[in-house]
Amino acid sequence: MQRPIMTSPAFLSQKSSAATQRDIPTAVDLADTLAAHSDRCVGMAANMIGVSKRIIVFKDETQNDRTATMFNPTIREKFGQYEAEEECLSLTGSRTVMRFRRISVEYQDEKFRTHTQTYTGWTAQIIQHEVDHCDGILV
Ligand SMILES: [Zn+2]
């Protein structure tokens, strides 16, 4: 089910807590909400729909823009810093941020199996933005 977008900086600045299998319905709502905003949004974190759990969804360019879901994502390695201009569905305007061209992410899938995967470029940038949301960091 599509949920309203949380825009309170005070709420969004809180660090999200670990997600468990009980949070799977939130991940489904998050994917539905991303789909509803896909004209201007490529990724979301659960706190953007008001749930302070470490869950992200994003359009995975490496998988034909299929929506990928990650529980408890953590960036383990990062290489090649660069400056990027980003917008956020929860905020107005755009901001300059530092991102990395290649990252290694440890996360759990819908069955809570742990994976470590390397991402580059655009998809890596989206993941970094959404993991920042989980840590209460806004662009
Ligand atoms: Zn954002």
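Above this text sits the structure in question.
Residues numbered from 1 in each chain as written. Predicted model: local features only at pLDDT ≥ 70, side-chain atom pairs only at ≥ 80, totals over all residues. Heavy atoms only, no water.

**Student:** Can you walk me through the environment of leucine 30 in this structure?
**Tutor:** For leucine 30, the location among the structural elements is in helix H2 (residues 24–36). For leucine 30, a relative accessible area of 0% translates into the label buried. Considered as a pair, leucine 30 and arginine 54 are 24 residues apart in the sequence and their alpha carbons are 12 Å apart. For leucine 30, the contacting residues outside a window of four places in its chain are Met44, Ala45, Ala46, Ile49, Ile55, Ile56 and Val57. (Helix = DSSP H or I, 4+ residues; strand = E, 2+ residues; numbered from the N terminus. Buried < 20%, exposed > 50% of the residue type's maximum accessible area, 1.4 Å probe, protein only. Contact = heavy atoms within 4.5 Å.)

**Student:** Help me understand the coordination of the zinc ion in this model?
**Tutor:** Working reference: metal with six octahedral donors, ideal angles 90 or 180 degrees; metal with four tetrahedral donors, ideal angle 109.5 degrees. Summarising the metal site, the zinc ion is bound by the protein donors Cys88 (SG), His129 (NE2) and His133 (NE2), whose distances to it range over 2.0 to 2.2 Å. A residue is classified by how much of its surface remains accessible, and cysteine 88, at 5% relative accessible area, is buried. (Donors = N, O, S within 2.8 Å, 3.2 Å for Na, K, Ca; no water.)

**Student:** I would appreciate a short explanation of helix H3 (residues 121–134) in the present structure.
**Tutor:** At 3.6 residues per turn, the α-helix brings residues three or four places apart onto the same side. Counted at 1.5 Å a residue, the expected span for H3 with its 14 residues is 20 Å, and the 20 Å between its end C-alpha atoms agrees. With 11 of 14 residues buried, H3 is to be regarded as a mostly interior element. Within H3, the full set of buried residues consists of Thr123, Ala124, Gln125, Ile126, Ile127, Gln128, His129, Glu130, Val131, His133 and Cys134. Where H3 is buried, its residues contact helix H1 (9–12), strand E1 (43–45), strand E2 (55–60), strand E3 (66–87), strand E4 (94–108) and strand E5 (114–120). The first or second residue beyond H3 is glycine 136, which carries a positive phi of 75°. (Expected span 1.5 Å × (residues − 1).)

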